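Reading the structure
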Amino acid sequence: MHTALIDPTLPIDDRPAAIVYCEGQFARIDGKTANGLVRASERYRIVAVIDSTLAGQDAGLVLDDIPAGIPIIASLDAWTEAVLDRPDMLIFGLAPLSGLMTLADRSVVLAAIAERMDIVSGLHEFLEDDVEIADAARTMGVTLHDVRRPRPTKHLRMFTGAIDQVDCVRIAVLGTDGAIGKRTTSTILTKALNDAGIRAVMVGTGQTGLIQGAAYGVALDAIPAQFGVGELEGAVVAAWDSEQPEVIVVEGQGALSHPAYLSSTVVLRASRPHAVVMQHAPARRMLSDYPDRPMPTPASEIALIELFGKTRVIGLTINHEHMTDAEVTAAAAGYEVELGIPATDALWGSPEALVAMVTDAFPALLVRGDQVVA
């Protein structure tokens, strides 16, 4: 049985009720924001997903074969028949490579505003900068949340070296491609460590993690290059100062070898991780948004990470897209032999396997004085 990140049987709470817009892309790569919110959301209570191509199904069953109690509906106005509570907001759940809305997307956003729903967006295209959308929001008295908008430049930070004063284990979750599951693995790893009695905090680096409710982090790809390292360093330091955890898990972005993305270099420079858990999709042959570019091998990516980051890769986590359970099991066993590190599927495997990756590399985490963590 595959493990759910959220328990659909929990009673209704006081989080704002949200519909996630993901037309034509739910459970696919460009629907990764919606996918993540269905799996876990501390900030919002997800009550429906909009995707007319999958309407009538349970979002959890479509995504992970686990009922989530979240219906997929065909359009915004269909919420009245599928959702008990009036939604407080619409979350833009698409994450296209362009970071921009289509005309059809804009019409849904405007319709939600007309329904007096707040709008949450992680796009590079800011809602507040769109005159029509901003005017409509003011008229209807709703709030626009541009998650990726950075702070004013005068408030952005440069690297200071304060990361060296963060006196806990720092683990970055990197990968061999973008949209490969680094955030999901970071979320599961952080929860698994806490469940095992090891205090852990996650630092988010992308829009989905921040929308889900990460208390610390920055939307890294929206920060001017001059300030990226300093801003992420500041987020890691803030997590340490406020929480004093035993482990900080830093969500990765892109891939160090990826020809189009620089974010992994910033993660390594800013957080200076003591170790890396690397995410890989064995069945993915070409980079997700660049179909003429072949995927790197895990071995080549590990060599690059360890050389550039002056760190070590302590485990491999598998994205099981287009794979069966048996294929995942065989792939994990093969990688363990080839690479000499443990391998598991964060979603399908046991959380204890993720914890063991960390505690095998840092056995001191198992001991507190004379006490041994269970």
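Per chain, the residues get numbers from 1 upward, laid out in the order the sequence is written. Where totals are concerned, whole chains, interfaces and linings use all residues; where local detail is concerned, this predicted model gives features only for residues with pLDDT of at least 70, and gives and counts side-chain atom pairs only at 80 or more. Computation of side-chain values covers all heavy atoms of the structure but excludes hydrogens and water.

Notes on the overall build of the protein
- Only DSSP runs of H or I reaching four residues or more are called helices, and only runs of E reaching two or more are called strands; each is numbered from the N terminus. Regarding its fold elements, the protein presents twelve helices and 17 strands.
- Radius of gyration means the value over C-alpha atoms here, while the globule rule gives 2.2 Å times the residue count to the 0.38 power. Relative to the 2.2 N^0.38 estimate, which gives 21 Å for 374 residues, the radius of gyration of the protein is 20 Å and therefore close to what a compact globule would have.
- Once the C-alpha set of the protein is aligned to its principal axes, its extents read approximately 60 × 50 × 50 Å.
- Each of the 374 residues in the protein was classed as buried or not, and the buried ones make up 55%.
- In the protein, of all internal contacts separated by at least 6 residues, the share reaching a separation of at least 24 is 73%.
- Surface accessibility follows the Shrake-Rupley procedure with a 1.4 Å probe radius. Residue values consider only the protein chains on display as shielding. As presented, the protein carries roughly 16,300 Å² of accessible surface, and 55% of it is formed by carbon and sulfur atoms.
- When charges are counted, neither His nor the chain ends are considered; positive counts come from Lys and Arg and negative counts from Asp and Glu. Charged groups are reduced to one reference atom each: NZ for lysine, CZ for arginine, CG for aspartic acid, CD for glutamic acid. Averaged over its 28 positive side-chain charges, the protein has a centre that lies 6 Å from the centre of its 48 negative ones. Burial status follows relative accessibility: with a 1.4 Å probe on protein chains alone, a residue under 20% of its type maximum counts as buried, one over 50% as exposed, and anything between as partly exposed. The contact rule is simple, with two residues in contact once any of their heavy atoms fall within 4.5 Å.

Some thoughts on the environment of Asp325
- Topologically, Asp325 is positioned in helix α11 (residues 325-339).
- Spatially, the C-alpha atom of Asp325 lies 24 Å from that of Val358, the residues being 33 residues apart in sequence.

Some remarks on the sheet that holds strand β4 (residues 89-92)
- For two strands to be treated as a pair, DSSP must find at least two bridges joining them. As summarised here, the arrangement of the six strands in space is β3-β2-β1-β4-β5-β6, forming an open sheet in which the pairing is parallel. Edge positions in the open sheet fall to β3 (72-73) and β6 (144-146), since each of these has one partner strand only.
- Inspection of the sheet shows β4 paired to strand β5 (residues 118-121) by three bridges, in the parallel sense. Opposite Ile91, over in β5, you have Val120 as the bridge partner.
- Strands in contact with helix α4 (residues 103-114) are β1 (17-21), β4, β5 and β6; relative to β4, the strand with the most contacts, it is inclined by about 160°. Convention adopted: a line fitted to C-alpha atoms gives each axis, helices being fitted over their contacting stretch, and angles between N-to-C directions are expressed from 0 to 180 degrees.

Digging into the pattern of salt bridges
- Definition used for salt bridges: Asp or Glu carboxyl oxygen within 4 Å of a side-chain nitrogen of Lys or Arg. Per the stated rule, a full pass over the model turns up 15 salt bridges.
- A salt bridge links Asp146 to Arg149, with the shortest nitrogen-to-oxygen separation between them at 3.9 Å.
- Note that Arg148 and Asp221 form a salt bridge whose closest N and O atoms lie 2.7 Å from each other. One end of the pair, Arg148, is in the loop between β6 and β7 (169-175); the other, Asp221, is in the loop between β9 (216-217) and α8 (225-243), and 73 residues separate them in sequence.
- Looking at Asp221, the relative accessible area reads 34%, which means it is partly exposed.
- Because the salt bridges share partners, they merge into one network encompassing Arg106, Asp130 and Glu132.

Things to note about the packing of α8 against helix α9 (residues 263-271)
- The geometry of α8 relative to α9 is characterised by a closest axis approach of 8 Å and an angle of 50° between their N-to-C directions. Taken together, the axes of α8 and α9 lie oblique to each other. Where α8 crosses over α9, the two elements pack in a sense that is right-handed. Between α8, through Gly228, Val229, Leu232, Glu233 and Val236, and α9, the contact on the second element is made entirely by Val266, Val267, Arg269, Ala270 and Ser271.
- The nonpolar class holds Ala, Val, Leu, Ile, Met, Phe, Trp, Tyr, Cys and Pro. Asp, Glu, Lys and Arg form the charged class, and all remaining residues, Gly among them, are polar. Residues that form the contact of α8 with α9 fall into these classes: six nonpolar, two polar and two charged. Every angle not falling under 35 degrees, over 145, or within 65 to 115 is termed oblique; those three ranges are roughly parallel, roughly antiparallel and roughly perpendicular. By definition, any crossing whose near helix is turned counterclockwise from its far helix by less than a right angle is left-handed, and any crossing with a clockwise turn is right-handed.

Brief notes about the confidence of the model for the protein
- Summary statistics for the protein give a mean pLDDT of 94 and a share of 95% for residues scoring 70 or more.
- Confidence of the prediction at every residue is given by pLDDT, a number between 0 and 100. Scored below 50 in pLDDT, residues 1-11 shows 20 contacts in the model against residues more than four places distant or in partner chains.

Brief notes about the sheet that holds strand β10 (residues 247-251)
- Across the sheet, which stays open at both edges, the seven strands sit in the order β9-β8-β10-β7-β11-β14-β15 with parallel pairing between neighbours. The open sheet terminates on both sides in strands that have one partner only, identified here as β9 and β15 (343-344).
- Sheet analysis places strand β11 (residues 275-280) next to strand β14 (residues 313-318), joined by five bridges and oriented parallel. Among the inter-strand pairings, His280 is bridged to a residue of β14, identified as Ile318.
- Its contacts with the sheet put α9 on β7, β10 and β11, and the angle it makes with β7 is roughly 175°.

Observations regarding helix α1 (residues 32-39)
- Summarising burial for α1: seven of the eight residues are buried, a large majority.
- Of all the positions in α1, only Thr33, Ala34, Asn35, Gly36, Leu37, Val38 and Arg39 are classed as buried.
- Considering only its buried residues, α1 is in contact with β1, β2 (45-50), α2 (59-64), β4, α6 (182-195) and α7 (207-212).

Looking at the packing of aromatic side chains
- When the centres of two rings from Phe, Tyr and Trp lie within 6.5 Å, Trp using its six-membered ring, the rings pair. Their planes under 30 degrees apart give stacked, over 60 give edge-to-face, and anything left gives tilted. For the structure shown, the criterion picks out one aromatic pair.
- When the ring of Tyr21 is compared with that of Phe92, the centres are 5.5 Å apart and the planes differ by 55°; the resulting orientation is tilted. Of this pair, Tyr21 sits in strand β1 while Phe92 sits in strand β4, placing them 71 residues apart in sequence.
- Take Phe92: its relative accessible area is 3%, and that puts it in the buried class.
- In this structure, Arg269 is placed above the aromatic ring of Phe308, and the distance from its NZ or CZ to the ring centre is 4.2 Å.
- It is Arg312 that lies over the ring of Phe362; its NZ or CZ is 5.0 Å from the centre. The criterion is that NZ of a Lys, or CZ of an Arg, lies within 6 Å of the ring centre and within 35 degrees of the ring normal, and then a charge sits over that ring.

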